[in-house]
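# Descriptive analysis of the structure
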Amino acid sequence: MVEIKDFHKHTGERVSTQGWVMNTRSSKGLEFIILRDGSGFAQCVADAAVVSAEVFEIAKQFTQECSVRLTGKIVADEKQIGGYELHIEQAEIIGTSENYPISNKEHGVEFLMDNRHLWLRSKRQWAIMKIRNRIIFAIHTFFQNEGFVQADAPIFTGNAAEGTTTLFNVEYYGEDAYLSQSGQLYGEAMAMALGKIYTFGPTFRAEKSKTRRHLSEFWMIEPEMAFYNNEMNMDLIEKFLQFVVSDVLTHCKFEFEALERNTTVLETLIHKPFKRLPYTQAVRILKGEEQVNGKTTIETLESDLSLIETEISEKRTEISEKEKAIADGTLKKGQINFMQNKIDMLKNDIKELEAQAENIPQWLKSAKEFEYGSDFGGSDETVLTRMFDVPVMVFNWPHEIKAFYMKRDETGQFAKGVDVLAPEGYGEIVGGGERETDLNYLIGKIDEHKLPMEAFEWYLDLRKYGSVPHSGFGLGLERMVSWLCKLKHIRETIPFPRMYGRLNP
RNA sequence: UCCUCCUUAGCUCAGUCGGUUAGAGCGUCGGACUGUUAAUCCGCAGGUCCUAGGUUCAAGUCCUAGAGGGGGAGCCA
């Protein structure tokens, strides 16, 4: 058996392959079959003039998603996906498939999510899952090469660690327990044992979030390094993200093409330093008090708005031209359908653009009115990152809005935390910082945050026995996938998303 | 929890001011066509207009409540 991805190694040879039929097209005496096998996609052709009547009859019976075994000759053909085509000589149905619910046409989100187990078979979802896989592989490669040890934190925990987020309750041999919202505190303990570690596991948040960047269950990578301050931490984050992006770019060209992802932004950031901004400066830029490359946020957004408005009026003209062409009555039925589809697409584009145009003034308003000392909202992140073509690292945050374990700077006003904001409106993909090392200070903070002291006894031991400066960060895998693939919604980044209102399939 | 929009055929949607037997495209199925790229062309079948109640001579359309879903806020990766 030869996998589709290896067809190029067997040009001109007679091989057998197996997979599923994605689509069929036929004309008299010819059957075209798009085959997929997980490794790739290829067109296979049965020609009645070449194959036996029995084999041609079998090929005619192929339906969408039936599984088949085919034998034939591999022929190079530039026009085809993958560049190769199989000329069928023998054909066999392994498993039939009738009335497959997902057609090659448009579907709504709810329908696709209800059929997620089948939706995963589509080319687009295949490409996303392949990119997800490569990102995971690149993450392990990077940390292993840098001398990190993968060390996993528990998923069941006995306390709500940071006390901020809502957690899932579970019953644990008669005790109340929670599903972990972060492995960080355990990561710190493991870093004191192993030096540099990273956890890679599922994370659970019970917030009833209904947004395009939240999941109830997601995968997080949390490195923790002994003897690292926040500057070293930021250097590592930058090097890490550049490595992962660069690795995925070189290994997933076909997948990015399948997604029609323009990778220019990604290609830029792999060799350009990220923008590092202290919180105070980030706020000035956000509020339009400081220019970036000679422009304020206000000027940038206003010119964005007028660009969107011209685009809308261009699309409107295109629609009325197409409608006129249809009204003329000289077009064939097929052409009219094609035109009508185009018009519908344009109308959808306009709806989206109008939504954007409506957003911009609101974003500007909330940016101008931003109150120094508070956390950035979703639109603030978008406005700020819009000013740069690389990820933005915001560091030195007002300590009041950061977690209790965050190290304070020399002035005592700022916490040595860092948030990495991805370009293209994807917001926070990494959050991290330097950890507080002083025992008494930490005890005070735990009291201040009204957290149960007894739950942190073991954590405080880390400061009693050889406390050292240390830092770490957390990367949300799905947000990374979402950004690199430029997806509209995080639900497409994981095989079976768990989010508010979604438990099946 | 709050704001906002949506629910009509297997799928995506149209349905004007409340008015006859609720439409289209795609998909399925049947047929035509020897190189198709979401092929094309012809034909058949396919309906609890989300649910309950109300207004009306008359409700897919108006009102009230509920359910489900989309987008956003908060929270964050």
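Residues numbered from 1 in each chain as written. Chains lettered and ligands numbered in written order. Predicted model: local features only at pLDDT ≥ 70, side-chain atom pairs only at ≥ 80, totals over all residues. Heavy atoms only, no water.

This brings us to the sheet that holds strand 7 (residues 156-157). Taken in spatial order, the 3 strands of this open sheet run 7-9-8, and their pairing is antiparallel. Looking at the sheet topology across the chains shown, the edges are occupied by strand 7 and strand 8 (169-172). The pairing of strand 7 with strand 9 (residues 175-179) spans 2 bridges and is classified as antiparallel. Pairing of Thr157 across the sheet is with Tyr178, part of strand 9. (Pairing = 2+ DSSP bridges. Helix = DSSP H or I, 4+ residues; strand = E, 2+ residues; numbered from the N terminus.)

Moving on: the protein's contact with RNA strand B. Close to RNA strand B lie 47 residues, the nearest being Lys28, Lys105, Arg205, Arg212 and Arg479. When atoms of RNA strand B within 4 Å of the protein are split into backbone and base, the sugar-phosphate part holds 56%. For RNA strand B, a base oxygen lies 3.2 Å from a polar atom in the side chain of Ser209. Of all the secondary structure elements, the ones that give two or more residues to the surface near RNA strand B are strand 1 (14-27), strand 2 (30-36), strand 5 (84-95), helix 2 (109-114), strand 11 (217-226), helix 11 (333-368), strand 15 (427-434) and strand 16 (470-476). (Near = heavy atom within 4 Å. Polar contact = N/O pair within 3.5 Å; in protein donor to acceptor, adjacent residues only side chain to side chain.)

Pairing in this open sheet of 8 strands is mixed, and the strands run 6-10-11-16-15-14-13-12 from one edge to the other. The sheet is open, and its two edges are formed by strand 6 (149-150) and strand 12 (275-278), each paired on a single side. Two strands pair when backbone bridges link them, and strand 13 (residues 392-398) and strand 14 (residues 414-422) are joined in this way by 6 bridges, in the antiparallel orientation. Note that in strand 14 the partner of Pro398 across the bridge is Phe414. Running at roughly 75 degrees to strand 14, helix 12 (residues 378-386) makes contact with strand 12, strand 13, strand 14 and strand 15 of the sheet. (Contact = heavy atoms within 4.5 Å. Axes fitted to C-alpha atoms, helices over the stretch in contact; angles between N-to-C directions.)

Before going further, it helps to examine the domain arrangement of chain A. Split by domain assignment, chain A resolves into domain 1 (4-95), domain 2 (118-274 + 391-493) and domain 3 (299-365). Inter-centroid distance (C-alpha atoms) of domain 2 to domain 3 is 39 Å. (Domains from an automatic or database assignment.)

Among the residues of helix 14 (residues 457-464), Tyr459, Leu460, Leu462 and Arg463 are the ones counted as buried. Projected onto a plane normal to the axis of helix 14, the buried residues spread over an arc of 140 degrees and lie on a single side. On the buried face of helix 14, the contacting elements are helix 5 (184-194), helix 13 (439-448) and strand 16. Gly466, located one to two residues past helix 14, shows a positive phi value of around 70 degrees. (Buried < 20%, exposed > 50% of the residue type's maximum accessible area, 1.4 Å probe, protein only. Arc of directions from axis to C-beta.)

Successive residues of a regular strand alternate their side chains across the two faces of the sheet. Of all 8 residues that make up strand 15, 6 are buried, and the element is covered over most of its length. Connecting strand 14 to the next strand, strand 15, in antiparallel fashion are 4 residues, including Glu424 with a positive phi near 65 degrees. When strand 15 meets strand 16, the two strands line up antiparallel, connected through 5 bridges. Of the residues in strand 16, the one forming a bridge with Val430 is Leu475.

Before going further, it helps to examine the packing of helix 5 against helix 14. Packing of helix 5 against helix 14 brings their axes to within 10 Å, and their N-to-C directions diverge by 35 degrees. Considering only the axes of helix 5 and helix 14, their crossing is left-handed. Of the residues in helix 14, those touching helix 5 at Leu185, Tyr186, Glu188, Ala189 and Met192 are Trp458, Tyr459, Leu462 and Arg463. Within the contact of helix 5 with helix 14, the residues separate by chemical class into 7 nonpolar, no polar and 2 charged. (Left-handed = near helix turned anticlockwise from the far one by under 90°. Nonpolar A, V, L, I, M, F, W, Y, C, P; charged D, E, K, R; others polar.)

The next subject is the pattern of salt bridges. Applying the stated rule across the entire model yields 27 salt bridges. For Arg121, the salt bridge goes to Glu65, with nearest N and O atoms at 2.9 Å. In this pair, Arg121 is assigned in the loop between helix 3 (116-119) and helix 4 (123-145) and Glu65 in the loop between helix 1 (53-61) and strand 4 (67-76), connecting sequence segments 56 residues apart. Look at Arg121 and you get partly exposed, because its relative accessible area is 28%. Classification of Glu65 by relative accessible area gives buried; the value is 6%. Here Lys486 ties to Glu424 by a salt bridge, and the two come within 3.5 Å at their closest N and O atoms. With Lys486 in the segment after helix 15 (477-485) and Glu424 in the loop between strand 14 and strand 15, this residue pair connects regions lying 62 residues apart in the sequence. According to the relative accessible area criterion, Glu424 is partly exposed, its value standing at 28%. The network of salt bridges with common partners includes Glu3, Lys5, Asp6 and Lys9. (Salt bridge = Lys/Arg side-chain N within 4 Å of Asp/Glu carboxyl O.)

In this section: the packing of aromatic side chains. Within this structure, the stated rule accounts for 22 aromatic pairs. Taken together through their ring pairs, the aromatic side chains of Phe142, Phe143, Phe148, Tyr198, Phe240, Phe243 and Phe473 make up a single cluster. The residue whose ring lies beneath Lys123 is Phe41, and the NZ or CZ to ring-centre distance is 5.6 Å. (Phe/Tyr/Trp six-rings, centres within 6.5 Å; stacked < 30°, edge-to-face > 60°. Lys NZ or Arg CZ within 6 Å of the ring centre and 35° of its normal.)

What follows is about helix 5. Taken together, the buried positions of helix 5 are Gln184, Leu185, Gly187, Glu188, Met190 and Ala191. Residues of helix 5 that are buried make contact with strand 10 (196-204), strand 11, helix 14 and strand 16. After helix 5 finishes, the residue Gly195 shows a positive phi value of roughly 90 degrees.

Bringing the side chain of Glu224 into the picture now. By the element assignment, Glu224 lies in strand 11. Polar side-chain contacts of Glu224 include one of 2.9 Å to the side chain of Arg435.

A cluster of nonpolar side chains, Phe156, Tyr172 and Tyr173, forms an exposed patch at the surface whose accessible area comes to about 390 Å². Secondary-structure assignment places Tyr172 in strand 8. Look at Tyr172 and you get partly exposed, because its relative accessible area is 33%. (Patch = residues over 30% accessible without salt bridge, like charges linked within 9 Å, V, L, I, M, F, W, Y side chains within 5 Å. Areas by Shrake-Rupley, 256 points an atom, 1.4 Å probe, with all protein chains shown as cover.)

Here we come to the nonpolar core. Formed by 52 residues in total, the largest nonpolar core has its most connected members in Ile135, Ile139 and Met480. Examining the composition of this core, we find that 10 residues originate from one element, helix 4, more than from any other. Both domain 1 (4-95) and domain 2 (118-274 + 391-493) contribute no fewer than three residues apiece to this core. Apart from the residues within four sequence positions on either side, Ile139 is in contact with Phe200, Ile221, Phe240, Val244, Leu475 and Leu477. Membership of the second largest hydrophobic core comes to 29 residues, among which are Leu277, Tyr279, Val283 and Val392. (Core = buried A, V, L, I, M, F, W, Y, C linked by side-chain atoms within 4.5 Å.)

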